[in-house]
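Spelled out from the first residue to the last, the chains are:
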Amino acid sequence: MTAPDATRQKEAWREIDAIFSDSKNTWVIHYSCESFYDRVEGRSPRVTSIAVRKLSDAQTHSFSIHQIAERQGVAFGEIEQHYDRLERLMLDAFFSFVGSYRNSHFMHWNMRDANYGFAAIDHRYTVLGGVPIVVDDERKHDLSRTIINIYGKGYIAHPRLESLIEKNKVRPLDFMTGAQEAAAFEQRNFSGLHQSTLRKVDILANLATLVKDRSLKTNTTRWEMHGGRIRTSVSWVLENKLVAFFASIASIVGLGLAIYALK
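Overview of the structure. Please read all numbers here as calculations on a predicted model, not as lab measurements.

Conventions and cut-offs
- Residues numbered from 1 in each chain as written.
- Predicted model: local features only at pLDDT ≥ 70, side-chain atom pairs only at ≥ 80, totals over all residues.
- Heavy atoms only, no water.
- Axes fitted to C-alpha atoms, helices over the stretch in contact; angles between N-to-C directions.
- Helix = DSSP H or I, 4+ residues; strand = E, 2+ residues; numbered from the N terminus.
- Left-handed = near helix turned anticlockwise from the far one by under 90°.
- Contact = heavy atoms within 4.5 Å.
- Nonpolar A, V, L, I, M, F, W, Y, C, P; charged D, E, K, R; others polar.
- Phe/Tyr/Trp six-rings, centres within 6.5 Å; stacked < 30°, edge-to-face > 60°.
- Buried < 20%, exposed > 50% of the residue type's maximum accessible area, 1.4 Å probe, protein only.
- Lys NZ or Arg CZ within 6 Å of the ring centre and 35° of its normal.

## A closer look at the packing of helix H1 (residues 6-21) against helix H8 (residues 190-212)
Running from amino to carboxyl end, H1 crosses H8 at an angle of 115°, the nearest separation of the two axes being 10 Å. Where H1 crosses over H8, the handedness of that crossing is left-handed. Here Trp13, Ile16, Asp17 and Phe20 of H1 lie close against H8, whose contacting residues are Ala208, Thr209, Val211 and Lys212. Looking at the contact of H1 with H8 residue by residue, the class counts come to 5 nonpolar, 1 polar and 2 charged.

## A word on the packing of aromatic side chains
One pass over the structure, following the stated rule, counts 13 aromatic pairs. Residues tryptophan 13 and tyrosine 151 carry aromatic rings whose centres are separated by 6.3 Å and whose planes lie at 70° to one another, so their mutual orientation is edge-to-face. Highlighted residues: tryptophan 13 in helix H1 and tyrosine 151 in helix H5 (residues 143-151), separated in sequence by 138 residues. Given a relative accessible area of 5%, tyrosine 151 falls into the buried group. The structure contains a cluster of three or more aromatic residues connected by ring pairs, namely Trp27, Phe63, Phe94, Phe95, Phe97, Tyr101 and Tyr125. Above the ring of phenylalanine 175, the side-chain terminus of lysine 200 is found at 4.9 Å from the ring centroid. Sitting above the plane of the phenylalanine 20 ring, lysine 212 keeps its charged end 5.3 Å from the centroid.

## A few points about unusual backbone geometry
That bond from histidine 158 to proline 159 is cis: its omega, -5°, falls within 30 degrees of zero. Positionally, proline 159 belongs in the loop between H5 and helix H6 (160-167). For arginine 188, which is not glycine, the phi torsion reads 60° and is therefore positive. Relative to the assigned elements, arginine 188 resides in the loop between helix H7 (178-186) and H8. Since its relative accessible area comes to 23%, arginine 188 is described here as partly exposed. Here the phi dihedral of arginine 214 falls at roughly 60°; this positive angle occurs in a residue that is not glycine. Among the structural elements, arginine 214 can be located in the loop between H8 and helix H9 (222-225). Judged by its relative accessible area of 41%, arginine 214 is partly exposed.

It is worth stressing that arrangement in space is one thing and function is another; only the former is reported here.
Structure below.
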């Protein structure tokens, strides 16, 4: 197992503490989409539902194709015929929300690129004729990367999210894997898909709280967590100015005594 890098670990602890110190201004976000595998035609996967949960009080907003269909009076059996229009209306509502919280922070799990991430949502909205409101990178916080930086790359078995849920006994009610969510969309199980998206923002918030409380259970040992006794001891001495000061005084006194003894 690879021990976490001391510098990145320290920065990650600062990040998680800063996020919770501003929890009223932080949203946990997750979204579901069509499968992005085996897309030989090259079309980007459709966004099917998005959920955002405020970290401080669990207030949650959700955006989904089937909810929009109901509001528009589109019958369940006709949703597929109106996918583009319904997805556009769903993303209209989502980006209206983002525009209302331009100064907020967004915690997520692996939403990092144009394959799956904020850029993928932006791209879908552009394809459908919308103009996305781009979230600044410094306001995006990848909980997955933060946990790796704190506990090391081998902190849990793959798939990491599911393994963390099991190890920390977080209730996975309604939870679907990404592949299961994609399958649910193909099967028109819109309600189950929506419930899974909502459950995931709840789970991510719970895991983040465990990290903040220093109580997340992982496979990383205490020794690995601190990089071994040598690194821990050296870091402690270097960071403790009082110890460093007395150490320098002791070295000066020792050198003086050595010189005196040679006279």
